[in-house]
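The chain contents come next:
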Amino acid sequence: MLKSHDRTLSLPSIMKPIIRTLSLGQLVNLVDWAAAEGWNPGLDDAAMLQAADPEGFIGAFAGNEMVAGISAVAYGSDFGFVGLYICRPDMRGKGYGKAVWTAGIERLAGRTIGLDGVEAQRANYESKGFRPVYETIRYSGRPTALPSGIRRPRMVTARMVPDIIAYDALCFPAPRDSFLRRWLQPPHHAVAMIASQATAGYAVARACRSGFKVGPLFADDMRTALELLEDLAATCKGGDLNIDVPATQSDFIAALEAAGFSATFSTTRMYKGPPPRLDTNRMFGVTTLELG
């Protein structure tokens, strides 16, 4: 997706782009661009996302001004993910977006690369070698009638994190320990379901510019997923909950709609290279559209 936002500056019409890794402050600016485009990022996303791969956020600069950016996060040597692909509107059509895209893809060379693309950009991504695998639908709302569970999720503590990291490996294509150790911390709300002294699922909610986003939501079954979501709904007051659900989870989607959620947005998960093998039955909500 190629979008952008920033004030117009008096720069030369065409200046050779300088490609470099973004500082945290520059990543904050990129996340602000995403907010201006209506992507509703989390309030603390810049620092949280950077934990996944500090070198994985790249900007194109005209002089000292950032004019385009992308996340190109490497998860080990076999998998990577691109997102946050934005070019400033006043600098479109001048090659800056293409330059930062090329830099991101080159950084992830040799890996399977994933992205979540909107329908309008699907053909563009297919022309670059990406292939669709499944649709993700964003459901938003304040649940009014989630099925109440007998079991109660637990707030995630540091002691639980190693088991959650092991569980996450069932649902995500590559290890992401550093990211999860940050993502599971406050101010995020992280809960896990423990059954027979083992992790049966976990979920995280984060405050956004509007409401909250839930992700990931990984669980052994739909009952556990709904119990985790119910607990987060009780904790996260003041605004809608938003969750990006794989379209294959038809029973879970039906439960969300019955509870008052509505479909508001959709993307397509696409991969360049062999698609990873995952336990998709456990995937009820993706982590983020920026990092997979």
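Calculation rules
The residue numbering used here restarts from 1 in each chain and proceeds along that chain's sequence as written. Given that this is a predicted model, residues contribute local features only at a pLDDT of at least 70 and side-chain atom pairs are listed and counted only at 80 or more, while totals for whole chains, interfaces and linings are drawn from all residues. Hydrogens are left out, water is left out, and the side-chain values use all remaining heavy atoms of the structure. The predictor attaches a confidence to each residue, and that confidence, scored 0 to 100, is pLDDT. Throughout, a contact is declared for two residues whenever any of their heavy atoms are within 4.5 Å. Here the axes come from fitting lines to C-alpha atoms, over the contacting stretch only for helices, and the angles between their N-to-C directions go from 0 to 180 degrees. A run of DSSP states H or I qualifies as a helix once it reaches four residues; a run of E qualifies as a strand once it reaches two. Both are numbered from the N-terminal end. Here is the rule for handedness: rotate from the far helix to the near one, and if that takes an anticlockwise turn smaller than a right angle the crossing is left-handed, while a clockwise turn gives right-handed. Put simply, Ala, Val, Leu, Ile, Met, Phe, Trp, Tyr, Cys and Pro go in the nonpolar bin, Asp, Glu, Lys and Arg in the charged bin, and everything else, Gly too, in the polar bin. In this scheme, a residue with accessible area under 20% of its type's maximum is buried, one over 50% is exposed, and one in between is partly exposed, where area comes from a 1.4 Å probe on protein chains only. Directions from the helix axis toward the C-beta atoms define the arc. In this analysis, rings of Phe, Tyr and Trp, with Trp reduced to its six-membered ring, are considered paired at centre separations within 6.5 Å, and the interplanar angle assigns stacked below 30 degrees, edge-to-face beyond 60, and tilted for intermediate values. Paired strands, in this sense, are two strands between which DSSP finds at least two bridges.

1. Points about the confidence of the model for the chain
Then, number 1: Within the chain, residue pLDDT values average 92, and 94% of them lie at 70 or more.
Then, number 2: Residue range residues 1-12 is modelled with pLDDT below 50. Its contacts to residues more than four positions away, or to other chains, number 46 contacts.

2. Digging into the packing of helix α7 (residues 222-235) against helix α8 (residues 250-258)
For any two helices packed against each other, one specifies the crossing angle of their axes together with the interaxial distance.
Then, number 1: Packing of α7 against α8 leaves a shortest axis separation of 10 Å and a crossing angle of 35 degrees. For the pair α7 and α8, the sense of crossing is right-handed. Where α7 approaches α8, its residues Met 222, Ala 225, Leu 226 and Leu 229 are matched on the opposing element by Asp 251, Phe 252, Ala 255 and Leu 256.
Then, number 2: Residue composition of the contact of α7 with α8, by class: seven nonpolar, no polar and one charged.

3. Points about helix α5 (residues 161-168)
Then, number 1: Taken together, the buried positions of α5 are occupied by Val 161, Ile 164, Ile 165, Tyr 167 and Asp 168. The buried side chains of α5 occupy one side of the element, clustering within an arc of 160 degrees when seen end-on.
Then, number 2: Summarising the contacts, the buried residues of α5 are in contact with α6 (177-183), β8 (189-195), β9 (198-207) and β10 (212-219).

4. Considerations on the packing of aromatic side chains
Then, number 1: This model, assessed by the stated rule, comprises eleven aromatic pairs.
Then, number 2: With 6.3 Å between their ring centres and 70 degrees between their planes, Tyr 125 and Phe 130 make a pair best called edge-to-face.
Then, number 3: Taken together, a centroid distance of 5.9 Å and an interplanar angle of 90 degrees make the contact between Tyr 202 and Phe 218 edge-to-face. With Tyr 202 in strand β9 and Phe 218 in strand β10, this pair connects stretches of sequence that are 16 residues apart.

5. Section: the pairing of strand β5 (residues 112-117)
Then, number 1: Among the six residues of β5, six are classified as buried, and the element is accordingly described as predominantly covered.
Then, number 2: The alternating pattern of β5 places Thr 112, Gly 114 and Asp 116 and Ile 113, Leu 115 and Gly 117 on opposite faces, both of which are buried.
Then, number 3: Pairing of strand β4 (residues 79-87) with β5 involves three bridges; the strand directions are parallel. Across the sheet, Phe 79 pairs through a bridge with Thr 112, a residue of β5.
Then, number 4: Pairing between β5 and strand β12 (residues 262-272): five bridges, direction antiparallel. Across the sheet, residue Ile 113 finds its bridge partner in β12, namely Lys 272.

6. Comments concerning the pairing of strand β2 (residues 57-62)
Then, number 1: Buried residues dominate β2, accounting for six of its six residues.
Then, number 2: On β2, burial covers both faces: Phe 57, Gly 59 and Phe 61 on one face and Ile 58, Ala 60 and Ala 62 on the other are all buried.
Then, number 3: The pairing of strand β1 (residues 18-21) with β2 spans four bridges and is antiparallel. For Ile 18, the partnering residue across the bridge sits in β2 and is Phe 61.
Then, number 4: With six bridges joining them, β2 and strand β3 (residues 65-75) adopt antiparallel strand pairing. By the bridge assignment for β3, Ala 62 is matched with Glu 65.
Then, number 5: Between β2 and β3, which pair antiparallel and follow one another directly, the connecting turn spans two residues, one of which, Gly 63, has a positive phi of 65 degrees.

7. Quick look at unusual backbone geometry
With the exception of glycine, the majority of residues adopt a negative phi angle, and the majority of peptide bonds are in the trans configuration.
Then, number 1: The amide bond that connects Pro 186 to the next residue, Pro 187, takes the cis arrangement and shows omega of 15 degrees.
Then, number 2: Residues Gly 215 and Pro 216 are joined by a peptide bond in cis, for which omega reads 0 degrees.
Then, number 3: The residue Ser 196 is not glycine, and still its phi comes out positive at about 55 degrees.
Then, number 4: By relative accessible area, which is 76% here, Ser 196 ends up exposed.
Then, number 5: Despite not being glycine, Gln 197 shows a phi value in the positive range, around 65 degrees.

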